[in-house]
Amino acid sequence: MLKGKKILVGISGGIAAYKICNLVRLFIKAGAEVRVIMTPSATKFVSPLTLSVLSRNEVIINIFNESDFSKAESVNAGTWHIEYGMWADVFLIAPATANTIAKIVCGISDNFLLSAVLASRCGIIVAPTMDEDMFKAQITQDNIKKLRERGIKIIEPIEGELASGLNGIGKMAEPEDIFEFVRLYLKDKKDLINKKVLVTAGPTVESIDPVRFISNYSSGKMGFEIAKAAFERGAEVTLISGPVNLSAHSKIKRIDVQSAQEMFTAVKDNIKGKDFVVMAAAVSDFKPKNISGRKIKSINEFNLSFSYTTDILHYLGKNKKRFKLIGFALETENEIANAKKKLKSKNLDMIVLNNPSVEGAGFGTDTNKVTLIDKKDVTELPLMSKRDVADSILDYYVKNLS
Ligand code: CTP
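Since the structure is predicted, the reported quantities are computational estimates derived from the model, not experimental observations.

Participant: Go over the side chain of D349, please, and point to the residues and values.
Facilitator: Relative to the assigned elements, D349 resides in the loop between α12 (335–345) and β18 (350–354). Separated by 2.9 Å, the side chains of D349 and K320 make a polar contact. In this structure the side chain of D349 is engaged in a polar contact, spanning 2.8 Å, whose partner is the backbone nitrogen of L325. Contacts of D349, omitting those with residues within four sequence positions, involve K320, K324, L325, L343, D374, Y396 and L401.

Participant: Requested: an account of the sheet that holds strand β14 (residues 276–279), with residues and values cited.
Facilitator: The 8 strands are arranged β13-β12-β9-β14-β17-β18-β20-β21 in an open sheet whose pairing can be described as mixed. Whereas interior strands pair on both sides, the edge strands pair on one side only; in this sheet they are β13 (253–256) and β21 (378–380). Pairwise comparison of adjacent strand axes, ignoring direction, gives a mean angle of 15° for this sheet. Two strands pair when backbone bridges link them, and β14 and strand β17 (residues 324–330) are joined in this way by 4 bridges, in the parallel orientation. Looking at β17, one finds that M279 is bridged to G327. α12 contacts β17, β18, β20 (370–373) and β21 of the sheet and is inclined by roughly 150° relative to β18.

Participant: Before we move on, can you summarise the domain arrangement of the chain with the specific residues and values?
Facilitator: A common way to express how large an interface is: the accessible area buried when the components associate. The domain architecture assigned to the chain consists of domain 1 (6–186) and domain 2 (196–401). Every contact between the two is made by 5 residues of domain 1 and, on the other side, 4 residues of domain 2. For the pair domain 1 and domain 2, the two sides together bury roughly 390 Å², of which 54% comes from carbon and sulfur. Of all residues in domain 1, the largest losses of buried area upon contact with domain 2 belong to R148, E149 and K153, amounting jointly to 80% of the total for that side. Applying the counting criterion to the domain 1 and domain 2 interface returns 1 salt bridge.

Participant: Tell me about the sheet that holds strand β5 (residues 123–128), residues and numbers included.
Facilitator: Whether parallel or antiparallel, the strands of a sheet pair through hydrogen bonds between backbone atoms. Pairing within the open sheet is parallel, and its 6 strands lie in the order β3-β2-β1-β4-β5-β6. In this open sheet, the two edge strands, each paired with only one partner strand, are β3 (59–60) and β6 (153–154). Inspection of the sheet shows strand β2 (residues 33–38) paired to β3 by 2 bridges, in the parallel sense. Bridge assignment links V36 to a residue of β3, and that residue is V59.

What counts and what doesn't
- Sequence order as written defines residue numbering, which begins from 1 separately in each chain.
- Local features in a predicted model are, by the rule used here, given only for residues with pLDDT of at least 70; side-chain atom pairs are given and counted only at 80 or more, and totals for whole chains, interfaces and linings are based on all residues.
- Only hydrogens and water are set aside when side-chain values are computed; all heavy atoms of the structure are taken into account.
- Strands here are runs of E lasting at least two residues and helices are runs of H or I lasting at least four, both read from the DSSP assignment and numbered beginning at the N terminus.
- Polar contacts here mean pairs of N or O atoms no more than 3.5 Å apart (in protein, one a potential hydrogen donor and the other a potential acceptor; neighbouring residues in sequence count only if both atoms are side-chain atoms).
- Note on contacts: a residue pair qualifies if any of its non-hydrogen atoms lie within 4.5 Å across the two residues.
- We call two strands paired when DSSP finds no fewer than two bridges between them.
- In this description, a line fitted to the C-alpha atoms serves as the axis of each element, helices being fitted only across the stretch in contact, and the angle between N-to-C directions of two axes falls anywhere from 0 to 180 degrees.
- Each domain span listed reflects an automatic or database assignment of domains.
- By buried area we mean how much accessible surface two parts lose on assembly, using a 1.4 Å probe and totalling the loss over both.
- Only one rule defines a salt bridge in this text: a Lys or Arg side-chain nitrogen within 4 Å of an Asp or Glu carboxyl oxygen.

Here it is, written out as structure tokens:
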């Protein structure tokens, strides 16, 4: 099940550390390669020797481990944490104490495990484990929220008898459940193979004169994350983007445009054969009626009047053939009612509602808080990384529209 997968297991100092022996056995039995890192306090709960035997690898505890300098032949001993961070397909930290979680959030790296977190390039999964009061403490909750916003996956603790003897929430999820979580995480999601998707992203700019324009604050991050996620899940992706400071995978067909009119033309030229369209671009609703051929010199000449741009999404909804259509709505009041109106008037299959005034949501941020709305359901999602929002939108497509 996990053949060829490389799992880095980080154990911090909680009583549940002893259960990781069983978890490591499960990973090894499933064919994974496992390396274990322990914090010094974790060694008080379970023997590194046990974990070394079970993982069939040496267990690293300290940043400078003199007895291990023999390894310096193949790996520079001082940079093992970087080697480990680059080696893994996934980094699981279980149990993750309140202390380790807080240090990860702050970027502290005063032990090998924490240094490896900073140096890791793979996805990270954290299983918080602690006493109920510590878990419910506002600071811990804030820290867990921050991990989530950075794209780190959380395996929620469960209710049960805690080390303190009290019953409550904070117990580490059972090894079998953690195993299943990691297995699903590592399973390459290729659920968009043979699908063709058109994604729009970024702002449009509407010229006033040769040196001035009107535009908006869209960074393009949301649309680029959707394009990237769809590509990684196997789709053939066409990305039409307004001016942004982002790069896309070379196998994504990227078309750069400036104005709403150019975006409209590019969409029409590329719509053929698509299975679904995600209009994440913040297309300008209006443009200056006349573009001055020369630079406007004085405010007296600045008599701007505007005309509407073509509503690309509306056009697609009206001319919808085989493709499914997902739009975005940016609302700051009567959000759900307004988004539902748009869903209907633009003939969409689903609309992603976001409110830029919510903290951490909207333009420029790496996170977003959205609500997915279709004819039947209104599904509010928590604040999460834009990549996770992208995957949620694609999950919706796979489940309901494909
Ligand atoms: N859209 C479009 N063409 C336009 C304007 C918007 O395709 N000329 C698309 C956007 O890509 C987005 C959705 O329509 O998917 C947003 O709808 P819009 O009616 O522009 O609403 P908002 O900008 O969210 O809000 P408002 O109602 O204030 O215009």
